[in-house]
Amino acid sequence: MGKNPVSAAYVLGVGLTKFIKPRGKGNLSNLYSEVDYTELGFEAGIKALLDAQINYDDVDQGVACYCFGDSTCGQRVFYQFGMTQIPIYNVNNNCSTGSTGLYMARNMVRHGMADCVMVVGFEKMNPGSIQTFFKDREDPVGTTGEMMRVTRGRTDAPGPAQMFGNAGREYMEKHGANANDFAEIARINHLHSAKNPYSQFHDVYTLDQILSSPTIHSPLTKLQCCPTSDGGASAIIVSEDFLTARPHLRSQAIQIAGQQLATDRPDLFDRSAINLMGFGMTQHAARTALAEAEVDPKEVKVCELHDCFSSNEMITLDALGLCDPGTAHEMVRAGDITYGGRCVVNPSGGLISKGHPLGATGVAQCAELVWQLRGWANNRLVENATVALQHNLGLGGAAVVTVYKRADGKTNELVRDEDVKSKTWVGYNPAVEAKGFTKAQVDRVRSRKSRSEWALQDTEKKVEARF
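Thresholds, definitions, all that
Residues numbered from 1 in each chain as written. Predicted model: local features only at pLDDT ≥ 70, side-chain atom pairs only at ≥ 80, totals over all residues. Heavy atoms only, no water. UniProt positions renumbered as here; feature names shortened; annotations may be inferred. Helix = DSSP H or I, 4+ residues; strand = E, 2+ residues; numbered from the N terminus. Polar contact = N/O pair within 3.5 Å; in protein donor to acceptor, adjacent residues only side chain to side chain. Pairing = 2+ DSSP bridges. Contact = heavy atoms within 4.5 Å. Axes fitted to C-alpha atoms, helices over the stretch in contact; angles between N-to-C directions. Buried < 20%, exposed > 50% of the residue type's maximum accessible area, 1.4 Å probe, protein only.

Per an unreviewed UniProt entry, the protein goes by the name propanoyl-CoA C-acyltransferase and belongs to Imshaugia aleurites. Comment text from UniProt for the protein, heading Subcellular location (unreviewed entry), reads "Peroxisome".

**Structural notes on the side chain of Q200**
Its location among the elements puts Q200 in the loop between α6 (179-193) and α7 (207-212). Within the structure, Q200 has its side chain in polar contact with the side chain of S229 (distance 2.5 Å).

**Structural notes on the sheet that holds strand β11 (residues 387-394)**
Taken together, the 10 strands give an open sheet; going across it, the order is β3-β2-β4-β7-β1-β8-β12-β11-β9-β10, and neighbouring strands pair in mixed fashion. One side of each edge strand has no neighbouring strand; the edge strands of this open sheet are β3 (88-91) and β10 (344-345). Looking at chain direction, strand β9 (residues 302-304) and β10 are connected through 2 bridges and run parallel. Bridging from a neighbouring strand, C303 pairs with V345 of β10. Contacting β1 (9-16), β2 (61-65), β4 (116-123), β7 (231-239), β8 (254-262), β9, β11 and β12 (398-406), helix α13 (residues 358-374) crosses the sheet at an angle of about 175° to β11.

**Section: the pairing of β8**
Most of β8 sits inside the fold, with 8 of its 9 residues counted as buried. Relative to β8, β1 is paired through 2 bridges, and the arrangement is antiparallel. Its bridge partner being in β8, Y10 is matched across the sheet by Q255. Sheet analysis places β8 next to β12, joined by 8 bridges and oriented antiparallel. Residue pairing in the sheet places Q260 in a bridge with V401 of β12.

In structure tokens:
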């Protein structure tokens, strides 16, 4: 990355699909049964363009984020918006794929490569736990799995659950956390999810229900593990010049004030189950991003972090500096990860309850924090927030930590649905309603000069049918 950025970078528009259980084709039990990645990417992208109040012709470069799909799936999605011959990049960085796309977009904008970059994350997954597709070559996390086997053994549980569960066990051994602490994290995330219209799950559970759900790999029970999901998310990243030309949008623009993508350090293999889950790269990314944004962790009142398992939320609270070292469980017990506490963690419901379509997850975290800082998430608003913190992790590895601030420098304030509706092209408050769009809205944001109906096929009709 260059040392002398030429522009600030802002999130001007965001869009989401509902996160849903993977079903595959052939199951006609509901309207989402035949959804494909082309529809997920299209729906999210159209919503982001409407939110940003721009046309696709304004986009200089595109970044497509997905893990499960053939090469150039990104072009297949983006061509539906227009065929303007812009560069389109296909990104796969495990579970941090979406945030990696945001990182690329920010750097393009900051260093003068583009004034407007569109990021679209999408994923169509198989039901059940994540599996390795390529059996005839070395697994990129094979060395991590072997270290787990050597230090903690191997069971029949899904590999990720074993790895993150072992990190939880080590946190218990070293710092005095107990099973209730991990279950409380999951209880809170499920509770938060009930107010997020895009979440895969909206059920609320008691602590006893969390603890008594089937054990996957102690201390983790089923309700402490994120599901596989289908879903899409999109964000529009723009430069200072682009925003200055549209002064009426400054109040909704959110600055990416600090950001770092980090990879692992040698202590990944020091036989610690916690370090094996990328604690070091999360810690480095957090310290670097917070320093760039000139933010102390104690200033953070709202955070979206990578809770693929409740145990990872526990160790990540520590790695991000949201608590003193070794005291994350005390933060949980004090009620300091939810409303009324010091920092609301995962107001969206997090991966555990919102869902985890790998390529979309990081972009969806961004969308939630944008809505929080705008004040649009009025049914779950974290009040008086000046900054927001995002953490997205991929084993293998990559960790992306991002710090957001309002472009106008103000503290967030609650915005009523009627006021959102009056100022946006979307026509409703997308932070609290998961709705579709009209044909006229689609026509408004698709390329005017270089569109192809053949590239669109029947995607638009399929998306409209679900609403």
